[in-house]
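Inside the fold
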Amino acid sequence: MEIVHRRFYAGKPGRLKNLEEARANEEIARKIYELRTAAGLTQTRLARLIGTTASVICRLEDADYEGHSLAMLRRIGDALHQRVEIRFVPIRRSA
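Quick caveat, the model's predicted, so the values are computed rather than measured. (Residues numbered from 1 in each chain as written. Predicted model: local features only at pLDDT ≥ 70, side-chain atom pairs only at ≥ 80, totals over all residues. Heavy atoms only, no water.)

Quick word on the side chain of Asn-25
Rules: Starting at the N terminus, helices and strands are each numbered in turn, a helix being any DSSP run of H or I of at least four residues and a strand any DSSP run of E of at least two. Burial classes: relative accessible area under 20% of the type maximum marks a residue as buried, over 50% as exposed, and values in between as partly exposed (1.4 Å probe, protein chains only). Residue contacts follow a heavy-atom distance rule, with two residues in contact if any of their heavy atoms lie within 4.5 Å.
Residue position: Asn-25 is located in helix α2 (residues 13-38). Overall, the relative accessible area of 12% leaves Asn-25 in the buried class. Setting aside anything within four residues of it in sequence, one finds Asn-25 in contact with Ala-63, Tyr-65, Glu-66 and His-68.

Here is the structure:
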């Protein structure tokens, strides 16, 4: 990992920023998936509960998706009996 970090990220703040954004998107996507499957819901069923389509849920569960909105996350949270919490944490500076 250290070699990868030195080669692709060290001294390249733009790449580090992109890496952090990718990590955040992946974390959101994974959390939505985990909560939905723990509740025993299909993408279609969750979509119906929040008034959208299964394709929207599919996109939200995709780690490459960058369009998460707080309003949509709150709708998902309400349907799954969860509260959305926002935290600020230090940015990781290594890969």
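That covers the picture; the talk isn't over yet.
Thoughts on the packing of helix α3 (residues 43-50) against helix α5 (residues 70-79)
Inclusion rule: To obtain an axis, a line is fitted to C-alpha atoms, over the contacting stretch when the element is a helix, and the angle between two such axes runs from 0 to 180 degrees between their N-to-C directions. Angle categories are assigned with fixed cut-offs, so that under 35 degrees is roughly parallel, over 145 is roughly antiparallel, 65 to 115 is roughly perpendicular, and the rest are oblique. Residues are grouped as follows: nonpolar covers Ala, Val, Leu, Ile, Met, Phe, Trp, Tyr, Cys and Pro; charged covers Asp, Glu, Lys and Arg; every other residue, Gly included, is treated as polar.
Across the interface, α3 lies against α5 with an axial gap of 9 Å and an inter-helix angle of 105 degrees. In this view, α3 runs roughly perpendicular relative to α5, as classed from their interaxial angle. Together, Leu-46, Leu-49 and Ile-50 of α3 and Met-72, Arg-75, Ile-76 and Ala-79 of α5 make up the contact between the two elements. In terms of residue class, the contact of α3 with α5 is built from six nonpolar, no polar and one charged.

Topic: the environment of Thr-52
Note that Thr-52 resides in the loop between α3 and α4 (54-60). With a relative accessible area of 23%, Thr-52 lands in the partly exposed category. In this structure, the C-alpha to C-alpha distance between Thr-52 and Asn-25, residues 27 residues apart in sequence, is 20 Å.

Some words on the pattern of salt bridges
What counts here: Every case where a carboxyl oxygen of Asp or Glu lies within 4 Å of a side-chain nitrogen of Lys or Arg is listed as a salt bridge.
Per the stated rule, a full pass over the model turns up five salt bridges. Residue Lys-17 is joined to Glu-21 by a salt bridge in which the shortest nitrogen-to-oxygen separation is 2.9 Å. With a gap of four residues between them, Lys-17 and Glu-21 both fall in helix α2, about one helical turn apart. Glu-21 gets classed as partly exposed once you look at its relative accessible area, which sits at 36%. Between Arg-23 and Glu-20 there is a salt bridge; the shortest N-O distance is 3.1 Å. Of this pair, Arg-23 and Glu-20 are both found in helix α2, three residues apart, which corresponds to roughly one turn of the helix.

So, the packing of helix α1 (residues 2-9) against α2
At a minimum axis distance of 9 Å, the contact between α1 and α2 shows a crossing angle of 120 degrees. Taken as axis vectors, α1 and α2 run oblique relative to one another. Where α1 approaches α2, its residues His-5, Phe-8 and Tyr-9 are matched on the opposing element by Arg-15, Leu-16 and Leu-19.

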